[in-house]
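What follows is each chain in one-letter form.
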Amino acid sequence: MTGYAEGFILGLLQGFTEFLPVSSSGHLVLAENLGLGEENLFFNLALHLATLLAVCVAFRKKIFSLLRHPLQADNLFILIASVPTALAAAAIRYVFPSLSEWLPLCFAVTGTVLLLPEIIRPLPYPKDVKGLVLRAAFCGMCQGVACINGISRSGTTVSAMRLAGFGKEESAEKSFLLSIPVIVGGSAVELLTGGAASVRLGPLIVGAATAFVVGLCSVFLFIKILKKGKLWIFSVYAFLMAIVSFLML
């Protein structure tokens, strides 16, 4: 970490791309190719935890409700969905430890996935416990695949939930709630497998604070755009990033 300016830029990038359907991991790969940022366990953890805090603040009422009533259907959905997410992500990371060279294709996949709810009718899942399990498993598997650089987690999960029959606002809410165990689990894996490096406290605080504020704004911005049915805007952006990443890499 070289200084405050880089900490601010990386925090801005993390907060903006973590929750908008544009793939934060893909943008970070491009940033590294521009010489911005470096592998630093504590700094990366601080940015991820800052965006986690942003989700918790944005959905604090829903989270408190889930904690007070642990047996409700939403908790079951999150629990079931997290299992295939972890399995799929672990399998992909083990078989394909690095897929950065496929970044242009993955951005294009994100753009295509964002358009699917607009052209495909929701799948006919039953409205009982079996249907809940099947929909959770489907959405969780899609989220696990999104661990690949360039494939947006939020975009993939929202599209999967729309295809599973959830409404626009409910899809966004469930997508953000599903990000909580993903961020916690991913941070734990980084902590256990990564190597610690020295980091300056000032740039770390600037980066984390920026990621929190921008991440919080991104959550509400995404929900607002989704409500208006303008998800195609991010699809256009993803296809543009596919071209940019192709030229850069």
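These figures come from a predicted structure and were not determined experimentally. (Residues numbered from 1 in each chain as written. Predicted model: local features only at pLDDT ≥ 70, side-chain atom pairs only at ≥ 80, totals over all residues. Heavy atoms only, no water.)

1. Focus on the pattern of salt bridges
Link 1 in the chain: All told, the structure shown has four salt bridges when counted by the stated rule.
Link 2 in the chain: For Lys 174, the salt bridge identified is with Asp 74, shortest N-O distance 2.6 Å. With Lys 174 in helix 9 (residues 168–193) and Asp 74 in helix 5 (residues 73–95), the pair connects residues that are 100 residues apart, well separated along the chain.
Link 3 in the chain: Lys 174 sits in the buried class, given a relative accessible area of 6%.
Link 4 in the chain: Judged by its relative accessible area of 17%, Asp 74 falls in the buried class.
Link 5 in the chain: The shortest N-O distance in the salt bridge between Glu 169 and Lys 227 comes to 3.6 Å. On the criterion of sequence distance, the pair formed by Glu 169 in helix 9 and Lys 227 in helix 10 (residues 201–227) is long-range, its members being 58 residues apart.
Link 6 in the chain: Via salt bridges that share partners, Lys 62, Asp 74, Glu 170 and Lys 174 belong to a single interconnected network. (Salt bridge = Lys/Arg side-chain N within 4 Å of Asp/Glu carboxyl O. Helix = DSSP H or I, 4+ residues; strand = E, 2+ residues; numbered from the N terminus. Buried < 20%, exposed > 50% of the residue type's maximum accessible area, 1.4 Å probe, protein only.)

2. What to know about the side chain of Ser 23
Link 1 in the chain: Along the polypeptide, Ser 23 turns up in the loop between helix 1 (4–19) and helix 2 (24–33).
Link 2 in the chain: Within the structure, the side chain of Ser 23 is placed 3.4 Å from the side chain of Ser 25, a separation counted as a polar contact.
Link 3 in the chain: When residues no more than four places from it in sequence are discounted, the contact partners of Ser 23 are Thr 17, Phe 107, Asn 149, Gly 150, Ile 151 and Ser 152. (Polar contact = N/O pair within 3.5 Å; in protein donor to acceptor, adjacent residues only side chain to side chain. Contact = heavy atoms within 4.5 Å.)

3. Here we look at helix 7 (residues 129–145)
Link 1 in the chain: Helix length check: helix 7, at 17 residues, gives a terminal C-alpha distance of 24 Å against a target of 24 Å (1.5 Å per residue), a fit within 8%.
Link 2 in the chain: If you check which residues of helix 7 are buried, you get Gly 131, Leu 132, Arg 135, Ala 136, Cys 139, Gly 140, Cys 142, Gln 143 and Gly 144. (Expected span 1.5 Å × (residues − 1).)

4. Some words on the packing of aromatic side chains
Link 1 in the chain: Counted by the stated rule, this structure contains five aromatic pairs.
Link 2 in the chain: Between the aromatic rings of Phe 59 and Phe 176, the centroid separation amounts to 5.6 Å while the plane-to-plane angle is 35°, which identifies the pairing as tilted. Of this pair, Phe 59 sits in the loop between helix 3 (41–58) and helix 4 (60–68) while Phe 176 sits in helix 9, and the two are 117 residues apart along the sequence. Comparing Phe 59 with Phe 176, the two get one shared label, buried.
Link 3 in the chain: Taking the centre distance of 5.6 Å and the plane angle of 90° together, the rings of Phe 77 and Phe 166 count as edge-to-face. Pair noted here: Phe 77 is in helix 5 and Phe 166 is in the loop between helix 8 (153–163) and helix 9, with a separation of 89 residues, a long-range link.
Link 4 in the chain: Through a chain of ring-to-ring contacts, the aromatic side chains of Phe 19, Phe 59, Phe 176, Phe 222 and Phe 234 assemble into a single cluster.
Link 5 in the chain: When the ring centre of Phe 166 is taken as reference, the NZ or CZ atom of Arg 135 above it lies at 4.1 Å.
Link 6 in the chain: It is Lys 174 that lies over the ring of Phe 77; its NZ or CZ is 5.0 Å from the centre. (Phe/Tyr/Trp six-rings, centres within 6.5 Å; stacked < 30°, edge-to-face > 60°. Lys NZ or Arg CZ within 6 Å of the ring centre and 35° of its normal.)

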